[in-house]
Amino acid sequence: MDKNNLLFYNEYEQFYDMAGRSKAFEAFCADAFGQDLSQDGFSDIKQIDRILKYVPKGSDIHILDIGCGNGKMLGYLQKRTGAWIHGFDYSQHAIAAAGSLFPDRSDFRHGCIGGIDYKEEQFDLAVSMDTMYFAPDMEELVRQIMKWLKKGGVLFVGYQEGDVMPKTGDVNTTVLAKAFERCGIRYEAEDITRETYELLIKKRLAALKHQNEFEEEGNRQWFDLLMLQTECVSEPYELFERKMSRYIYVVRKEA
Ligand SMILES: C[S@@+](CC[C@H](N)C(=O)[O-])C[C@H]1O[C@@H](n2cnc3c(N)ncnc32)[C@H](O)[C@@H]1O
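Structure report, in brief. Computed from a prediction, not measured in an experiment: that's the story for all the values here.

Topic: a negative patch on the surface
Step number 1: On the surface, Asp170, Asp191, Glu238 and Glu241 cluster together to form a negatively charged patch.
Step number 2: Inspection of the secondary structure puts Asp191 in strand S6 (residues 188-191).

Dropping the structure here:
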């Protein structure tokens, strides 16, 4: 893994180091997202609960999270469904935390997109929230995930535009949608931009609520970052949606 060529590598190491120690961040996440899953993005509990319906019933169900961070989202899905949980992330801090927080029925690997592989047809469900855009080759990653999924398995993606990725026209014009198209994969997509605007307002209010705790911990820089990330909601929704969109994509591998 050549850390120098990985986008935001150092920033994510610092982020997960902070997330593992900061009580202010835990409290912020609980208020902003409805549950502290150390989110660095746009996935509140309402979005994450949408995943549950794609987890089949059974005692030997396997879920993969691409860009799993410290594993808290997988831990939540395991608690709700009893599934085995698997995840990978390029952050060493994150993967060390995931392994110690969720040691049972789990497999956490340190590695980057493109540098990690799994056996064919291993997973019932693959999830990736706000991470697929870090793929050096989106089409290649899509093909890999489809290989890793069991027949009938599902890929669930949370995908933001106007943040890491530039905003395109609509749900069918994103880099991810184009990659699905080139791979001949049919997808369902939902536009949740309005919901995301509301979430960003909640994030901003939650950051302000916990500002003093961030400062007392010496974590003022993270408070400042949260304010910067949510500045976009000082504009009305009509202006926001010209610059940002959020979509959920669901793909089912043919049985
Ligand atoms: C925006 S965060 C999303 C984290 C988490 N899924 C969430 O929704 O809060 C992106 C995640 O992808 C990881 N990441 C970024 N680039 C990566 C890469 N090239 N390979 C593996 N992981 C990567 C980061 O460490 C981080 O955990």
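Thoughts on the pairing of strand S7 (residues 245-252)
Step number 1: When you tally the buried positions in S7, you get seven out of eight residues, the bulk of the element.
Step number 2: Here eight bridges tie strand S5 (residues 149-161) to S7, and the two strands are oriented antiparallel to one another. The residue of S7 that forms the bridge with Val157 is Tyr249.
Step number 3: Two strands pair when backbone bridges link them, and S6 and S7 are joined in this way by four bridges, in the antiparallel orientation. By the bridge assignment for S7, Glu190 is matched with Ile248.

Re unusual backbone geometry
Step number 1: Even without glycine at this site, Arg105 takes up a positive phi of about 45°.
Step number 2: Here Arg105 shows up in the loop between helix H5 (92-101) and strand S3 (106-110).
Step number 3: For Asp130, which is not a glycine, the phi torsion comes out positive at approximately 55°.
Step number 4: Within the fold, Asp130 resides in the loop between strand S4 (123-129) and helix H6 (138-148).
Step number 5: For Asp130, a relative accessible area of 9% corresponds to the buried category.

About the criteria used
- Residues numbered from 1 in each chain as written.
- Predicted model: local features only at pLDDT ≥ 70, side-chain atom pairs only at ≥ 80, totals over all residues.
- Heavy atoms only, no water.
- Patch = residues over 30% accessible without salt bridge, like charges linked within 9 Å, V, L, I, M, F, W, Y side chains within 5 Å.
- Areas by Shrake-Rupley, 256 points an atom, 1.4 Å probe, with all protein chains shown as cover.
- Salt bridge = Lys/Arg side-chain N within 4 Å of Asp/Glu carboxyl O.
- Lys, Arg positive; Asp, Glu negative; His and termini not counted.
- Charge placed at Lys NZ, Arg CZ, Asp CG, Glu CD.
- Helix = DSSP H or I, 4+ residues; strand = E, 2+ residues; numbered from the N terminus.
- Buried < 20%, exposed > 50% of the residue type's maximum accessible area, 1.4 Å probe, protein only.
- Pairing = 2+ DSSP bridges.

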